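As a plain string of letters, each chain reads:
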Amino acid sequence: MRYIEDDLTNKTILITGGAGFIGSNLALYFQENHPAAKIVVLDSFRSGETLSNGNLKSFGHFKNLIGFRGEIISGDINDKDLLLDLEINYKFDYIFHEAAISDTTALEQDLMIKTNVNAYKDLLDLAVAHDANMIYASSAATYGNAESPQRVGREAPNNVYGFSKLSMDNLSRQYMETSDISIVGLRYFNVYGAGEYFKNSTASMILQFGHQLLSGKNPRLFENSDKILRDFIYVGDIIQANIKAMKPKESGIYNVGTGKARSFQDIVDILQKELGTSFECEYIPNPFIGSYQFHTEADITTTKEALGYEPAYEMEDGIKAYVGEIKRIYESEVK
Ligand SMILES: NC(=O)c1ccc[n+]([C@@H]2O[C@H](COP(=O)([O-])OP(=O)(O)OC[C@H]3O[C@@H](n4cnc5c(N)ncnc54)[C@H](O)[C@@H]3O)[C@@H](O)[C@H]2O)c1
C-alpha cells in the first residue's frame, strides 16, 4: 500500500542501517511500492565483534535483504572517506537514517556517541550538500522514566542510548534553524515485526514469547506483568510514519507509537490465542525494579497533525499479521 502519491521516479533514496530490522523493511517497502525509485542500502553488517555486554556490535544480516535487488554497500557511517565518496558519487533525494548502536543496554559511551551522534552530524551535512530530506530514527528511550503519556519536550533519558538519541534531536533542531532541508525525527516506541529476529536477545518480547510458546515452554514473565505497560508498535505503522515523513507539514520531532499502552501479559495472552496454546505462565521477580519503565504511552497528537499519521494496528492486529513469520523463523532458524 502506497502512503504517498509520488511514484518517486528518478529519486534516489539512501537507507542507512538497511540490513537491520526497520531499515530492511523500508528497503523492501520501497522496492515493492515505488519500483521506479533507486534504493541504496548502507550497513556495516554483523561481524564477530561484540560489546562488553556480550551483544553484537551491529546486528545487520543479509537474510533481512533476501529479495532486495537495489544497491548494497557494506560500510561504517563513522568512515568519513566513505561519506565523502557518497557525497561525490551519488545524489540522494531522501536519506532514511536507521543505522545506530541500537542496543539500549550497551555501556560503551564513546562508541555510542560517536556512532549515533557524531556520524549523524556528518549525514546531516551530506543531506544539506545534496538538498535531501532527512528522516531519522530517534527513540522513546529519550523519555526514560518521564511520566505518561510521553510528550516531546519532556525528556529524561536514563541510559547512554537514550541520551544519544536526544542529542541527535538537539542537533536536528540546530539544522532545522540553519538549513533549508526537511528534517523529521521519529521517536519510535517498542517496535515488533518481521526482520527483528537477527537482533538476537534485543528483539521484542513479542518474538521472544512467541518462540517460548512454540518450543513448548511455559512463558516466563515478571511478577505483575499485567501492570507493566508499553506502547508496542507494529513495524507496518513505523513504515507508514517514515513514508509520510517524506512530505511533512513541517520539520520536527514526532512520537511514533499507537498512543495506547498494553501489558506484557496482553502479549502472552494474544499469542496463546493466535498459536492455539494454553501454557501456564511462570512469574519471576523483576530484577530491574527502580530502573525499569512501567508505563510508556506515546502522545501522537502532533504526529497526526504534521505527518497525517494514523496507527493502523492494535496489538491484536499486529500479532495476527506477524504470527506466520514468528512460526516461519522458528522453523527455519530456531528449531
Ligand atoms: N526497534 C525498536 O524498537 C526501536 C525503538 C526506538 C528506536 N529504534 C531505532 O531505530 C533504528 C533501527 O533500529 P532496528 O530495530 O532496526 O535496529 P537494528 O540493530 O536491527 O538496525 C540497525 C542497523 O544499523 C547497522 N549499523 C550499526 N552500526 C553501524 C555503523 N557504524 N555503520 C553502518 N551501519 C551500522 C546495524 O548493522 C543494523 O543493521 C535505530 O536507530 C534504533 O536506535 C528502534
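Residues numbered from 1 in each chain as written. Predicted model: local features only at pLDDT ≥ 70, side-chain atom pairs only at ≥ 80, totals over all residues. Heavy atoms only, no water.

**Student:** Looking at this structure, how should I read the site of the ligand?
**Tutor:** Surrounding the ligand, one finds 29 residues, the nearest of these being Ile-22, Asp-43, Ser-102, Tyr-161 and Lys-199. Within the side chain of Asp-43, an N or O atom sits 2.6 Å from an oxygen atom of the ligand. In this structure, Gly-60 approaches the ligand through a main-chain N or O atom, which is 2.9 Å from an oxygen atom. About the coverage of the ligand: the protein hides 95% of its 820 Å² of free accessible area. At 3 residues, strand S5 (residues 133-139) tops the list of elements feeding residues into the shell around the ligand. (Near = heavy atom within 4 Å. Polar contact = N/O pair within 3.5 Å; in protein donor to acceptor, adjacent residues only side chain to side chain. Areas by Shrake-Rupley, 256 points an atom, 1.4 Å probe, with all protein chains shown as cover. Helix = DSSP H or I, 4+ residues; strand = E, 2+ residues; numbered from the N terminus.)

**Student:** Hey, could you run me through the packing of aromatic side chains in this one?
**Tutor:** Remark: the centre distance and the inter-plane angle together describe each pair of aromatic rings, the angle taken between the planes. Tallied over the entire structure, the rule returns 11 aromatic pairs. Ring plane angle 15 degrees and centroid distance 5.9 Å describe the contact between Tyr-3 and Tyr-29, whose orientation is recorded as stacked. Here Tyr-29 lies in helix H1 (residues 21-33) and Tyr-3 lies in the segment before strand S1 (12-16), a separation of 26 residues in the sequence. Residue Tyr-29 is classed as buried on the basis of its relative accessible area, which comes to 10%. (Phe/Tyr/Trp six-rings, centres within 6.5 Å; stacked < 30°, edge-to-face > 60°. Buried < 20%, exposed > 50% of the residue type's maximum accessible area, 1.4 Å probe, protein only.)

**Student:** Would you take a moment to explain a negative patch on the surface for this structure?
**Tutor:** Taken together, the side chains of Asp-76, Asp-79, Asp-81 and Asp-85 make up a negatively charged region of the molecular surface. Inspection of the secondary structure assignment puts Asp-85 in helix H2 (residues 80-89). (Patch = residues over 30% accessible without salt bridge, like charges linked within 9 Å, V, L, I, M, F, W, Y side chains within 5 Å. Salt bridge = Lys/Arg side-chain N within 4 Å of Asp/Glu carboxyl O. Lys, Arg positive; Asp, Glu negative; His and termini not counted. Charge placed at Lys NZ, Arg CZ, Asp CG, Glu CD.)

**Student:** So what exactly am I meant to see when it comes to the UniProt feature "transmembrane region" (unreviewed entry) in the protein here?
**Tutor:** Per the UniProt record, "transmembrane region" (unreviewed entry) is annotated on residues 12-30. A distance of 11 Å separates the end C-alpha atoms of residues 12-30, which is 53% helix and 26% strand. (UniProt positions renumbered as here; feature names shortened; annotations may be inferred.)

**Student:** Even after reading the chapter, I still don't get the nonpolar core, so can you show me in this structure?
**Tutor:** Within soluble globular proteins, side chains that are nonpolar generally end up buried alongside one another. In terms of nonpolar packing, the biggest core is built from 68 residues, with Ile-13, Ile-15, Phe-30, Phe-96, Leu-186, Met-246 and Ile-267 touching the most fellow members. Aside from chain neighbours lying at most four places away, what touches Ile-13 is Leu-8, Phe-30, Ala-37, Lys-38, Ile-39, Val-40, Phe-92, Tyr-94, Phe-96 and Met-246. (Core = buried A, V, L, I, M, F, W, Y, C linked by side-chain atoms within 4.5 Å. Contact = heavy atoms within 4.5 Å.)

**Student:** I tried to follow the sheet that holds strand S4 (residues 94-97) on my own but got confused; where do I start?
**Tutor:** Strand pairs in the sheet, formed through backbone hydrogen bonds, run parallel or antiparallel to each other. Strands sit in the order S3-S2-S1-S4-S5-S6-S11 across an open sheet of 7 strands; the sheet is parallel. The sheet is open, and its two edges are formed by strand S3 (71-74) and strand S11 (252-256), each paired on a single side. For this sheet, the mean angle separating the axes of adjacent strands, direction not counted, is 20 degrees. (Pairing = 2+ DSSP bridges. Axes fitted to C-alpha atoms, helices over the stretch in contact; angles between N-to-C directions.)

**Student:** Help me out: how do you make sense of the UniProt feature "domain: NAD-dependent epimerase/dehydratase" (unreviewed entry) in the protein in this one?
**Tutor:** Within this numbering scheme, the UniProt entry marks residues 13-257 as carrying the feature "domain: NAD-dependent epimerase/dehydratase" (unreviewed entry). Annotation note: span residues 13-257, helix share 34%, strand share 19%, distance between end C-alpha atoms 24 Å.

**Student:** Sorry, what's going on with the packing of helix H5 (residues 205-214) against helix H9 (residues 315-334) here?
**Tutor:** The description of two helices packed together rests on the angle between their axes and the distance between the axes. Two elements in contact, H5 and H9, have axes whose closest approach is 10 Å; the angle formed by their N-to-C orientations is 60 degrees. The orientation of H5 with respect to H9, classified from their angle, is oblique. Both H5 and H9 take part in a crossing whose hand is right-handed. Together, Ile-206, Leu-207, Gly-210, His-211 and Leu-214 of H5 and Ile-319, Tyr-322, Ile-326, Lys-327, Ile-329, Tyr-330 and Val-334 of H9 make up the contact between the two elements. (Parallel < 35°, antiparallel > 145°, perpendicular 65-115°, else oblique. Left-handed = near helix turned anticlockwise from the far one by under 90°.)

**Student:** What is the right way to look at the confidence of the model for the protein in this model?
**Tutor:** Do not read the fine detail of predicted coordinates wherever pLDDT is low. Across the protein, pLDDT averages 97, with 99% of residues at or above 70. When the elements of the protein are averaged for pLDDT, strand S8 (residues 220-222) gives the smallest value, 95, and S1 the largest, 99. (pLDDT = per-residue confidence, 0-100.)

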